[in-house]
Each structure stands twice: as C-alpha cells, then as structure tokens.
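The residues making up each chain are set out below.
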Amino acid sequence: MGMDYSKEPHGVFMVIDNKSFYASVESIKLGLNPMKSILVVLSENDNTNGGLILATSPMAKKLYHLKNVDRKRDLPDDSRMIIVPPRMNLYIEKNLAVNNVFRNFAADADVFPYSIDESIIDMTKSWHLFGNSHKKVARAIQLAVKNQLGLYTTVGIGENPMQAKLALDILAKHDHDMIGELTYDTFGKVIWPITQLSKVWSIGKNTAKHLNSIGIESMGDLAHTDPYYLQREFGVIGGQLFALANGIDRAHLDEVIKPRSKSVGNSQVLAHDYHNGDDIKVVIREIGEQVAARLRHHHKQATTVHLRVGFSYAAKAIGSSSGFAHSQTIDPTDSTNELISYLLLIFDKYWHGESVRNLAVSYGNLVDEQGEQINLFDSITAQTKKHDVDQLVDDLRDRFGVNAIMHPYNLKKGATRNKRSGLVGGHNGGNSFK
C-alpha cells in the first residue's frame, strides 16, 4: 500500500543555487565567462594553514577535480589558472542583488535566503503569472539572473521545500538546463533507488553507517521501515528520516522559531598554537569585548558567562583532552570589564599550561537591560561612568569603525583584533559594497 499524500501540503517551491558562486562573481568582475574561466578563490588568511580553496570555477573543477576543501598545495602548475583572494563583502552584495531579482517573481515574504549562494522561493501563489509550467518559470528566473548579473543558477522544484532541495542536488546539478523537479508522484521512482545514503541532503556519514548497520541499504528501504522502529533507534531524528525518505516536509518557512535560551557569542580559530597564558588572555579579552558590545546593541544583559578553550592537535596527541568548557552564573550585567573578568577567572581556574588553538565566548540566559546591580563597595557614580564609557566606545566604533578606539592589549603580542577587523566569516572581506 502506497503512502497517502492527499493531506500533505502541496505547493510550488524552488531552491535556487548560484553555480560556483564566489568563483563566478570573480570571473564576471574580470570580464570572463564564469562557465569557461579557470579560476580559484584562495584564502591565505593566517588560520587557513597554508591556504584554503574556497571556490573553484566549473572548468577548474572539471579539469583538476578540485574541491572547496582542498589546500593551496593541491593546485596544479598551470599558467592558465587565475588565483584570486576572497572578497566576502562583494559576495554578500551580489547575494542581495540575486535575491532582489527573485523578488520580481514572488512577494518579499516568500523569498527565503538559505545561505550565501542558495535561496528558497515559495512560488505557490505567483508561478502561474510567469509561465504555463514550473520549469518554464524556473527558466525565466535563470535568464533574469543571467541577464542582470551574469550569474548562472541551478533550480530545484518541488511540492515542498525538501523535495525542491533534493531536486536541486540530485537532478538539477546534473541536468543540461540545470533544472530538476520532484513531486509526490515521482519521488519514489527517483529517490528510492539511491544507495549512497550520505549523498542525500541532511544524512551524514555516521547516520548512513548506522542505517546500514540495521539493514537499511537504500532510500527505498528507509521509506518502508516502520517509523516507530526508526524513532526507537534514532530518537527524534528517526521520524525525520522516515519523512525525508517519503518526500514529506510540513515545515512553514515563515514560522518564527523562538530560541529556547537566548545567548550571544563568538569563536575564533587561532592562526597558530598559543602556548603563553598572557597571549591567550589577550584573545579572550578581545572576543569578550566584541561579544559584550553585541549584548549592549541588543539592549540585553547576561546572567551566564561561558568560555570554551580548545587545545592544539599537539596537546591532544600527547594525551591531553580536547579542551574544556565551563560556565558561571553572574548578576545581570552588560559591562565589558565585568564580563571579561569572569572569563579570565574561568580560564585561570581550568587552564594548566596546555597549547591552545581555538577559543569561544558566549553570554547567555539574557534578560532585558535593567541597569547595573549596585555594588556596595563601589560608588554609584563610578558604576555609572563605567557604563557610560562602554556606551561611548560602542558609539564611536559604530560611527568610525571597530578600530577607531583600541585598548592597549589590542597591540600586544598575540592580539588578533586588528588583523581580523577586515575579515568576514574568517576570510578577507574586501572593500565593502564596492
């Protein structure tokens, strides 16, 4: 007996991917055809361990089988190859421009940016205004992006977002027109024969191994496994796997999800192993200061301080743990100095001389800004001045840039803020919106 899809949502969704996005943007800037250029976007930032390939043009990928996780050492010696540094702000600008093109085909509320190079569009209400078939509308969108921005796009179409995503990955990326479509009627025929389970969106390698270990060798096997058995075996994920294998997705993209516990944080992979405690504390101060500013921008105060310290590979190799993570409950505050003092207390308590490679700071269990807790050992005037100074520093940095005001520790050995101020997502930002 087949699955009854009559009560499932039936819409028209498109997941659209900008093909080799970073490399395509760079090729167009150079006046080259992004489908024919041999170009690589290479980040040589300090934390890339010698250079990391962020993007390759389709032709470079075809000729040399390069992947976006390859290193500089994997690049071939070819005089035709163009190597450029990343410009993350430029890619953000182009992402905004692409999504503005999509808004010519659907209402603002129906366009959902999914990542820097992918978007989901709910075309249920508007597709019929632009063509007499879903694929013709997808082609119209492709041509609009190509004509206005020079970018090539790949489109997956489905009756729900998950079907559209699988249509993109499994059909469109291997189709001459770069368009693929799945429906409830065609889903089983296309998806069920797949045996490389980890190639299917949202199924990781470990989950695939677990499925194989209980006799599930294909998506068809998964679709016909008792969902209650899957839930006993995998927990909540079991039900999600069953729905995935049967093409079911009941998500409402416009539904606002409230986080269980509000927090703000940031992390940093260091350019090299840090051995000296004072140098490590400098970076903790810098991250702690940055996150405190975000806290004040949201008009929130933290009641929990969390520090995670990841040890270097060398430290782990000689038997140390991978690091430590600890939290401390505090009185509500948004004071940079107070928050940093708690971070340093945690560090001093749990660090025992290990080499450090990554750090993460977060302030959690946030409450609305409510003024500072009065400290009986400090005058009210002094406490007010501390808050005013924090706010003044925030205002000046908002107006003139993050490096407008720097603390002495930002200039110490080990400091990273000055170098990282121009980075976006850990890579070169380039000139913003130019």
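Check the entry above for the structure.
Residues numbered from 1 in each chain as written. Predicted model: local features only at pLDDT ≥ 70, side-chain atom pairs only at ≥ 80, totals over all residues. Heavy atoms only, no water.

Visitor: Teacher, can you tell me more about the overall build of the protein here?
Guide: Each helix and strand in the protein was counted, giving 15 helices and 15 strands. Across the protein, contacts joining residues at least 24 apart in sequence account for 65% of those joining residues at least 6 apart. For the protein, the accessible surface area stands at approximately 23200 Å², while carbon and sulfur atoms represent 52% of it. (Helix = DSSP H or I, 4+ residues; strand = E, 2+ residues; numbered from the N terminus. Contact = heavy atoms within 4.5 Å. Areas by Shrake-Rupley, 256 points an atom, 1.4 Å probe, with all protein chains shown as cover.)

Visitor: Got a minute to help me understand helix H10 (residues 236-245) in this structure?
Guide: Every α-helical turn comprises 3.6 residues, leaving residues that sit three or four positions apart pointing alike. Among the residues of H10, those classed as buried are Gly238, Leu241, Phe242, Ala243, Leu244 and Ala245. On its buried side, H10 packs onto helix H5 (161-171), helix H6 (184-191), helix H7 (205-213), helix H8 (219-223) and helix H9 (227-234). Following H10 by one or two positions, Gly247 adopts a phi angle in the positive range, close to 75 degrees. (Buried < 20%, exposed > 50% of the residue type's maximum accessible area, 1.4 Å probe, protein only.)

Visitor: How do you make sense of the side chain of Glu8 when you look at a structure like this?
Guide: Topologically, Glu8 is positioned in the segment before strand E1 (13-18). There is a polar contact of 2.6 Å between the side chain of Glu8 and the side chain of Arg250. If we ignore the near neighbours within four places in the chain, the residues touching Glu8 are Tyr184, Ile248 and Arg250. (Polar contact = N/O pair within 3.5 Å; in protein donor to acceptor, adjacent residues only side chain to side chain.)

Visitor: Help me understand the pattern of salt bridges in this model?
Guide: Working definition: two side chains of opposite charge can pair if their charged atoms are close together. Considering all chains together, one arrives at eleven salt bridges under this definition. Glu44 is paired through a salt bridge with Lys72; the nearest N and O atoms lie 2.7 Å apart. Of this pair, Glu44 sits in the loop between strand E2 (39-43) and strand E3 (52-56) while Lys72 sits in the loop between helix H2 (58-64) and strand E4 (82-84), and the two are 28 residues apart along the sequence. The salt bridge partner of Asp78 is Arg80, with a shortest N-O separation of 3.0 Å. By relative accessible area, Asp78 is classed as buried at 15%. When salt bridges with common partners are traced through the structure, they connect Glu118, Lys165, Asp169 and Lys173 into a single cluster. (Salt bridge = Lys/Arg side-chain N within 4 Å of Asp/Glu carboxyl O.)

Visitor: Just to check I follow, could you spell out the sheet that holds strand E8 (residues 179-181) for this structure?
Guide: In a beta sheet, neighbouring strands are held together by backbone hydrogen bonds and run either parallel or antiparallel to one another. One open sheet holds the five strands; their spatial order is E5-E6-E1-E7-E8, and the pairing between them is mixed. Lying at the two open borders of the sheet, with one neighbouring strand each, are strand E5 (111-113) and E8. On average, adjacent strands in this sheet sit at an angle of 15 degrees to one another, irrespective of strand direction. For E5 and strand E6 (residues 118-122), the ladder comprises three bridges, and the chain directions are antiparallel. Bridge pairing links Pro113 to Ser119 in E6. Lying over the sheet, helix H4 (residues 134-149) contacts E1, strand E7 (153-158) and E8, oriented at roughly 155 degrees with respect to E7. (Pairing = 2+ DSSP bridges. Axes fitted to C-alpha atoms, helices over the stretch in contact; angles between N-to-C directions.)

Visitor: Even after reading the chapter, I still don't get H5, so can you show me in this structure?
Guide: Counting buried residues along H5, nine of its eleven residues qualify, which places the element largely inside the surrounding structure. The opening residue of H5 is Asn160, an N-cap whose side-chain oxygen sits 3.2 Å from the backbone nitrogen of Met162.

Visitor: Could you clarify how one ought to interpret the side chain of Glu26 in this entry?
Guide: Mapping Glu26 onto the fold places it in helix H1 (residues 21-29). One polar contact links Glu26 to Tyr91, side chain to side chain, over a distance of 2.6 Å. Each residue touching Glu26, except ones within four places of it in the same chain, is listed here: Leu39, Val41, Val84, Pro85, Arg87, Leu90 and Tyr91.

Visitor: Whenever I open this one, the packing of H5 against H6 confuses me. Can you help?
Guide: Packed helices, taken two at a time, are described by the angle between their axes plus the distance between the axes. Two elements in contact, H5 and H6, have axes separated by 12 Å at closest approach and are oriented at 40 degrees. One element, H5, and the other, H6, form an angle in the oblique class. Relative to H6, the crossing made by H5 is left-handed. Contacts between H5 and H6 involve Met162, Gln163, Leu166, Ile170 and Leu171 from the first element and Tyr184, Phe187, Val190 and Ile191 from the second. Among the residues making up the contact of H5 with H6, the classes are represented as eight nonpolar, one polar and no charged. (Parallel < 35°, antiparallel > 145°, perpendicular 65-115°, else oblique. Left-handed = near helix turned anticlockwise from the far one by under 90°. Nonpolar A, V, L, I, M, F, W, Y, C, P; charged D, E, K, R; others polar.)

Visitor: Got a minute to help me understand the sheet that holds E4 in this structure?
Guide: Reading across the sheet, the three strands line up as E3-E2-E4 and stay open at both edges, with mixed pairing between neighbours. Single-partner strands in this sheet number two, and they are E3 and E4. Direction aside, the axes of adjacent strands within the sheet are offset by 30 degrees on average. In this structure, E2 lies alongside E4, joined through three bridges in parallel fashion.

Visitor: How should I be thinking about the environment of Tyr22 in this particular structure?
Guide: Summarising the element assignment, Tyr22 is placed in helix H1. As for Tyr22 and Met88, which are separated by 66 residues in sequence, their C-alpha atoms are 8.5 Å apart. In this view, Tyr22 contacts Val41, Leu54, Ala55, Met88, Tyr91 and Ile116; residues no more than four positions away in its chain are not counted.

Visitor: Is there a simple way to explain the packing of aromatic side chains in this structure?
Guide: Any pair of aromatic rings gets described here by the distance separating the centres and the angle formed by the planes. In this structure the tally under the stated criterion is eight aromatic pairs. Ring pairs connect the aromatic residues Phe21, Tyr22 and Tyr91, which therefore count as one cluster. (Phe/Tyr/Trp six-rings, centres within 6.5 Å; stacked < 30°, edge-to-face > 60°.)

Visitor: In this structure, what is going on with the nonpolar core? I would like to understand it.
Guide: Here is a general trend for soluble globular proteins: nonpolar side chains tend to be buried in one another's company. Judged by nonpolar contacts, the single largest core of 34 residues is most densely connected at Met14, Tyr22, Val41, Tyr91, Phe102, Met123 and Ile141. Those elements that provide at least two residues to this core are E1, H1, E2, E3, helix H3 (88-102), H4 and E7. When sequence neighbours within four positions are dropped, the list of residues in contact with Tyr91 reads Phe21, Tyr22, Val25, Glu26, Val41, Pro85, Pro86 and Ile116. In this structure, Leu270, Tyr274, Phe311 and Phe347 belong to the second largest nonpolar core, which totals 29 residues. (Core = buried A, V, L, I, M, F, W, Y, C linked by side-chain atoms within 4.5 Å.)

Visitor: So what exactly am I meant to see when it comes to the packing of H3 against H4 here?
Guide: For the pair H3 and H4, interaxial distance at closest approach is 10 Å and the crossing angle is 135 degrees. In this view, H3 runs oblique relative to H4, as classed from their interaxial angle. Of the two elements, H3 crosses H4, and the hand of that crossing is right-handed. Within the contact between the two elements, H3 uses Ala97, Val98, Val101 and Phe102 and H4 uses Ile141, Ala144, Val145, Gln148 and Leu149.

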